[in-house]
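Each chain, letter by letter, is given below.
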Amino acid sequence: MTQLRLIRAGLFGVAIACGVAVLQGQTTPPTQTPPTTQVPASATTAAAAQDMPRVTLTVGRSTIITTDFDITRVSITNPAVADVTPVEPRELLIDGKGVGTVSLIIWGATTRVQYDVVVDPGVSGLQRQILILFPGEDITASETPDAVILTGHASSNEVMLRVGELATAMLPKAKLINLLQLPGGNGSQQVLLQVRIAEVNRKAVSELGVTIFSGAQGSHGVVGRSTTQQFGSTGQTGIGAGATTVLSDLLNIFLFSTQLDIGVVIRALESKGNLQSLAEPNLIAYNGQKASFLAGGELPVPMVQGNSGQVTIEYKEFGVRLEFTPTIAGDMIRLKVKPEVSTLDFANGVSVAGFRVPALITRKAETDVELRDGQSFAIAGLLNNSAQDTNDSVPWLSAIPIVGYLFKSKATNQERTELMVMVTPHLVRALNPDEVPPLPTIPNKFLPPCPKPPCDAVPAPAKKGSGGGGRR
């Protein structure tokens with residue numbers, strides 16, 4: 001059957017004869033009837049373009065188009081979207097390669113037809129997994145070359161988070177854009193994180209030692225001293241009439257007999273110290289974006305370059321650091337928190353190219369938590385205990401019962417540090433102009449009004465012969 005359609009375009013009329021073409025898929029041939037024409041291509045009008053038949057297939061699938069005339073030439077606009085291959089004089093094989101719409105033109109000896117080939121993405125692997133794992137959820141996953149977009153409605157916060165984790169696991173290189181909506185969700189997309197970091201350092205030191213020495217002139221012609229050299233005590237310069245005795249530390253127990261010319265210095269000290277430092281950073285981050293905070297400084301570290309021996313400086317950060325990434329899911333906030341506290345340690349430092357570089361004592365934690373707006377959680381128990389005992393003694397003499405304690409010395413150093421981090425997230429939004437509160441003001445003026453003359457005027461001394469005074 002043939003239909004004739006008359007199209008008027010200006011002063012010219014074109015008669016278009018519609019032929020019957022058969023579209024065949026893999027199993028069922030299409031039943032659309034494409035229009036055919038025998039006029040030049042330049043005579044094709046916009047109205048005729050709207051009546052072009054459409055061939056629809058998915059990426060990775062193929063279909064066959066058959067014509068009622070022998071094909072002499074074919075053309076397709078973008079082979080990256082769809083490719084065409086002649087398989088018979090009247091059959092064409094179309095392969096879907098990418099998402100998009102292209103035009104397919106087929107020429108015969110006296111006939112030409114044109115199709116719109118639409119290639120759809122179909123159901124992706126991610127969408128199939130969502131339908132299998134979360135049946136009944138209104139969730140759509142759209143994939144682009146660089147991102148995965150989740151749209152629709154999730155029934156709970158748990159479903160929303162699990163779908164996001166599934167998308168990240170299946171497409172790790174693509175950026176996740178989660179646009180899922182939850183019932184009763186908050187419209188805010190910004191999180192204010194209030195952090196309190198407290199550190200308590202307790203230190204206790206005890207020292208005990210005895211030093212026995214004689215005077216510079218000696219006792220009964222004998223000059224001597226007994227010490228473990230663990231603590232500074234006494235010293236002598238020379239022997240005989242010109243000798244002197246130097247006492248370096250008399251803040252401890254000191255005894256000296258002028259008759260016997262013998263002295264004793266006992267070092268018995270105990271020291272205790274408590275240190276508490278507190279940092280209270282407040283950070284605001286957008287949903288899914290990382291924010292960081294550092295209260296400290298940078299340590300210059302000299303670096304020796306290769307065989308040249310040239311020294312360059314690199315800076316290492318230290319102090320109280322905080323990094324967190326919030327994820328808003330309805331009325332819940334999932335936080336990835338990473339607090340870190342580092343201090344300088346000069347005792348364990350190293351020397352590089354003549355520079356003394358201290359070491360760093362670092363304590364850090366990393367965790368994921370899920371809270372509601374205004375709830376708090378604490379990270380505690382980050383303890384650091386250290387104890388050091390140093391015992392020095394004089395050989396043989398320290399082994400004598402009872403008397404041997406005079407030839408021994410001992411020093412004990414104990415230190416305990418505890419770190420606690422408390423975090424409270426809040427959902428916040430920007431204020432509209434009419435919601436901005438007024439700034440605090442002082443009801444009275446800061447300075448009282450100056451009486452006349454002005455405040456900075458000082459009366460000048462009166463001149464002789466005048467009854468008035470001048471102003472400077």
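## Quick word on the sheet that holds strand β6 (residues 73-76)
The sheet built from four strands is open, its strands ordered β4-β10-β9-β6 with mixed pairing. Strands with a single pairing partner mark the edges of an open sheet, and in this sheet they are β4 (54-58) and β6. Here the average twist between neighbouring strands, direction ignored, is 20 degrees. Bridge count for strand β9 (residues 100-107) against strand β10 (residues 112-120) is eight bridges, and the pairing is antiparallel. By the bridge assignment for β10, glycine 100 is matched with valine 119.

## Some details on the environment of valine 222
Examined against the element boundaries, valine 222 turns out to sit in the loop between β14 (190-214) and β15 (225-226). Its relative accessible area of 53% is what places valine 222 among the exposed residues. Taking the C-alpha atoms as reference, valine 222 lies 10.0 Å from aspartate 261; in sequence the two are 39 residues apart.

## Focus on the packing of helix α2 (residues 125-133) against helix α3 (residues 157-170)
Orientation of α2 relative to α3, taken along the N-to-C sense of each, is 145 degrees, at an axis distance of 11 Å. Judged by the twist between their axes, the crossing of α2 over α3 is right-handed. Side by side, α2 and α3 meet where Gly125, Leu126, Gln129, Ile130 and Leu133 of the first sit next to Val163, Leu166, Ala167 and Met170 of the second. Classifying every residue of the contact of α2 with α3 gives seven nonpolar, two polar and no charged.

## With respect to unusual backbone geometry
For residues that are not glycine, phi is negative in most cases, and the peptide bond is trans in most cases. In this model, tryptophan 396 sits at a positive phi of 70 degrees, which is unusual for a non-glycine residue. Inspection of the secondary structure puts tryptophan 396 in the loop between β26 (377-393) and β27 (408-428). When its relative accessible area of 77% is taken as the criterion, tryptophan 396 is described as exposed.

## Here we look at the layout of surface pockets
Of the pockets and cavities examined, the largest pocket occupies roughly 980 Å³. Of all the secondary-structure elements, those providing two or more residues to the lining of the largest pocket are α3, β13 (175-178), β22 (310-329) and β23 (332-352). Of all the elements, α3 adds the most residues to the lining of the largest pocket, at six residues. Residue classes in the lining of the largest pocket are distributed as 15 nonpolar, 13 polar and five charged. Taken as a whole, the second largest pocket spans an internal volume of roughly 670 Å³. As for the second largest pocket, its lining consists of 28 residues, and the residues nearest its centre are Asn201, Thr343, Ile361, Glu415 and Thr417. When contributions to the lining of the second largest pocket are tallied by element, the ones reaching two or more residues are β14, β19 (262-279), β22, β23, β24 (355-364), β26 and β27.

Thresholds applied
Residues numbered from 1 in each chain as written. Predicted model: local features only at pLDDT ≥ 70, side-chain atom pairs only at ≥ 80, totals over all residues. Heavy atoms only, no water. Pairing = 2+ DSSP bridges. Helix = DSSP H or I, 4+ residues; strand = E, 2+ residues; numbered from the N terminus. Axes fitted to C-alpha atoms, helices over the stretch in contact; angles between N-to-C directions. Buried < 20%, exposed > 50% of the residue type's maximum accessible area, 1.4 Å probe, protein only. Left-handed = near helix turned anticlockwise from the far one by under 90°. Contact = heavy atoms within 4.5 Å. Nonpolar A, V, L, I, M, F, W, Y, C, P; charged D, E, K, R; others polar. 1 Å grid on protein atoms, 1.4 Å probe; cavity = no way out; pocket = protein on both sides within 12 Å on 5 of 7 lines; lining within 4 Å. Points joined across faces, edges and corners; volume = space filled by probe spheres on them.

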